[in-house]
Amino acid sequence: MPLLHIFFDNVPEELQFVINKNVAKLGYFPSNLSAEDIAKQTTENATSSAISGISDAPVGPSTVLRVFFSEGCLTLSCNGKDYSIVSRDINTENIERMVQNVLETSTNTLNERTHTLRTLVFSPPTNTLITSTGFGVPLLILNGNIEFMNAYMTFDGNLYEKDAIIELSKVPFGTFGNYVITNYEVINMVTKKIVYNASPIICIWDKYVLYADGNLSDTTLTWKFKAASAPIDYIIDSDRLYLVDVTNGFYVINLKTRRVLYSEQLEGITSFSTQQGQIIIQTTSGNYKVNIDSAQRISLEKQEIKAEVLINHTSIIDSVVLYPSITKVERNAFGFFRSGTFLGERIVHLFVRGSKMYVITEVGTWIMGLSD
């Protein structure tokens, strides 16, 4: 693949990935440049031109694709050709069209075979390289403290090889005793009986199972408890479930006794987080710290929003939070991302085991710390 230098200016990493993917689709190896690289290249090109003038030896400057966002417009510029669109028109089809308009198709073009392109996934914290497919770019450098496995992992640690799976829906959450649990059904491996879930499972958090309709059970499947309406955000800590549902109800539930310890209507809840071992509820009007005294009584302490939090920030790409918000994963028109790293276009499973959260997408398994 011929190398194509790309200089991004004021472009979010999620969009950088999408542009790199479309560059690779045209048959180029995208190589990102920094401002320092551009300055160095300009100097080197000027020097090369001077040498060429003396020696009559042809020296061609490296091709650079410049991508920048300014005054509400995204612009791609290369070899004297510019193409711009306004931010509201940024989507998969228009990004692909922009790249095609400013670049010539390489003789190594992958066209519709981009998904078969092998990707080197590099993890800086572990200094490891994994070869994978499904990303559409030749090189992916992971951001933040996140691990990647080129397989589909289940709660009990079994691995399903990507090439051996025909349907992602066939990958279960895992095997628990005599039961194989999937999103929509439970298979008894002894009797071969299949029981269909009335509502899909959205998460298994250690030994607890949370359903999309607000029901709870554990992995023994010996009990079920209606905790709330459809969950929006949730955290499980010390056998207590902190949950917000679609009615803006906030609940604290003792999972051992299956009793509601606290409930309140809270308007404008946006997310949960943990700070110094305490649960914090973020809302549009301020934050609440969940206090638990020695008698296990629960109260909320209102915290004022600091002025800097109120600074308006308009993103080029509209994103929504993936719940539980503790994953720090966002979804936009191009897929799921965490800290700018592309995780995939489809979430298959999400489960928590100990201090680690596992997000399984069509490209593989992502492992992240709950406290990261």
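Residues numbered from 1 in each chain as written. Predicted model: local features only at pLDDT ≥ 70, side-chain atom pairs only at ≥ 80, totals over all residues. Heavy atoms only, no water.

Student: Outline the pattern of salt bridges, listing residues and values.
Tutor: Following the criterion strictly, the structure yields seven salt bridges and no others. Here Lys256 ties to Asp239 by a salt bridge, and the two come within 3.6 Å at their closest N and O atoms. Of this pair, Lys256 sits in the loop between strand 22 (249-254) and strand 23 (259-265) while Asp239 sits in the loop between strand 20 (231-237) and strand 21 (240-245); the two residues are 17 residues apart in sequence, bridging distant segments of the chain. Between Asp293 and Arg297 there is a salt bridge, and its shortest N-O distance comes to 3.0 Å. (Salt bridge = Lys/Arg side-chain N within 4 Å of Asp/Glu carboxyl O. Helix = DSSP H or I, 4+ residues; strand = E, 2+ residues; numbered from the N terminus.)

Student: Residue-level account of the layout of surface pockets, with values.
Tutor: Here the largest pocket defines a volume of roughly 550 Å³. If you tally residues by element for the lining of the largest pocket, the top one is strand 32 (residues 347-353), at four residues. The class makeup of the residues in the lining of the largest pocket is 15 nonpolar, four polar and three charged. (1 Å grid on protein atoms, 1.4 Å probe; cavity = no way out; pocket = protein on both sides within 12 Å on 5 of 7 lines; lining within 4 Å. Points joined across faces, edges and corners; volume = space filled by probe spheres on them. Nonpolar A, V, L, I, M, F, W, Y, C, P; charged D, E, K, R; others polar.)

Student: Which residues make up the packing of helix 1 (residues 13-25) against helix 3 (residues 92-102), and what values go with them?
Tutor: Direction vectors running N to C along helix 1 and helix 3 enclose 55°, while the axes themselves pass 9 Å from each other. Between helix 1 and helix 3, the crossing angle belongs to the class labelled oblique. Both helix 1 and helix 3 take part in a crossing whose hand is right-handed. For the pair helix 1 and helix 3, contact is made by Leu15, Val18, Ile19, Asn22, Val23 and Lys25 and by Ile95, Glu96 and Val99, respectively. (Axes fitted to C-alpha atoms, helices over the stretch in contact; angles between N-to-C directions. Parallel < 35°, antiparallel > 145°, perpendicular 65-115°, else oblique. Left-handed = near helix turned anticlockwise from the far one by under 90°. Contact = heavy atoms within 4.5 Å.)

Student: I'd love a proper account of a nonpolar patch on the surface, names of residues and values included.
Tutor: There is a patch of nonpolar side chains on the surface, built from Leu120, Leu129, Leu139 and Ile141 and spanning about 360 Å² of accessible area. Within the fold, Leu129 resides in strand 7 (residues 128-132). (Patch = residues over 30% accessible without salt bridge, like charges linked within 9 Å, V, L, I, M, F, W, Y side chains within 5 Å. Areas by Shrake-Rupley, 256 points an atom, 1.4 Å probe, with all protein chains shown as cover.)

Student: Any details on the sheet that holds strand 21? Residues and values, ideally.
Tutor: Paired through backbone hydrogen bonds, the strands of a sheet run either parallel or antiparallel to each other. In spatial order, the strands read 20-21-22-23; together these four strands make up an open sheet with antiparallel pairing. Each edge of the open sheet carries a strand with a single partner, namely strand 20 and strand 23. Direction aside, neighbouring strands of the sheet carry axes that sit 15° apart on average. Judged from the six bridges that link them, strand 20 and strand 21 form a sheet pairing that is antiparallel. By the bridge assignment, Asp233 is partnered in strand 21 with Val244. (Pairing = 2+ DSSP bridges.)

Student: Describe in detail the packing of aromatic side chains, supporting the description with residues and values.
Tutor: Across all of its chains, the model carries 13 aromatic pairs by this definition. For the pair Phe155 and Phe176, a centre-to-centre distance of 5.4 Å together with 45° between the ring planes defines the contact as tilted. With Phe155 in the loop between strand 10 (151-153) and strand 11 (159-161) and Phe176 in strand 12 (residues 174-176), this pair connects stretches of sequence that are 21 residues apart. Taken as a pair, Phe155 and Phe176 share a single burial class, namely buried. Judged by centre distance (6.3 Å) and plane angle (70°), the rings of Trp205 and Tyr234 are edge-to-face. A residue pair is termed long-range when its members are at least 10 positions apart, and Trp205 in strand 16 (residues 201-205) and Tyr234 in strand 20 qualify at 29 residues. Joined through ring pairs, the aromatic side chains of Phe17, Phe135, Phe148, Phe337, Phe342 and Trp366 make up one cluster. (Phe/Tyr/Trp six-rings, centres within 6.5 Å; stacked < 30°, edge-to-face > 60°. Buried < 20%, exposed > 50% of the residue type's maximum accessible area, 1.4 Å probe, protein only.)

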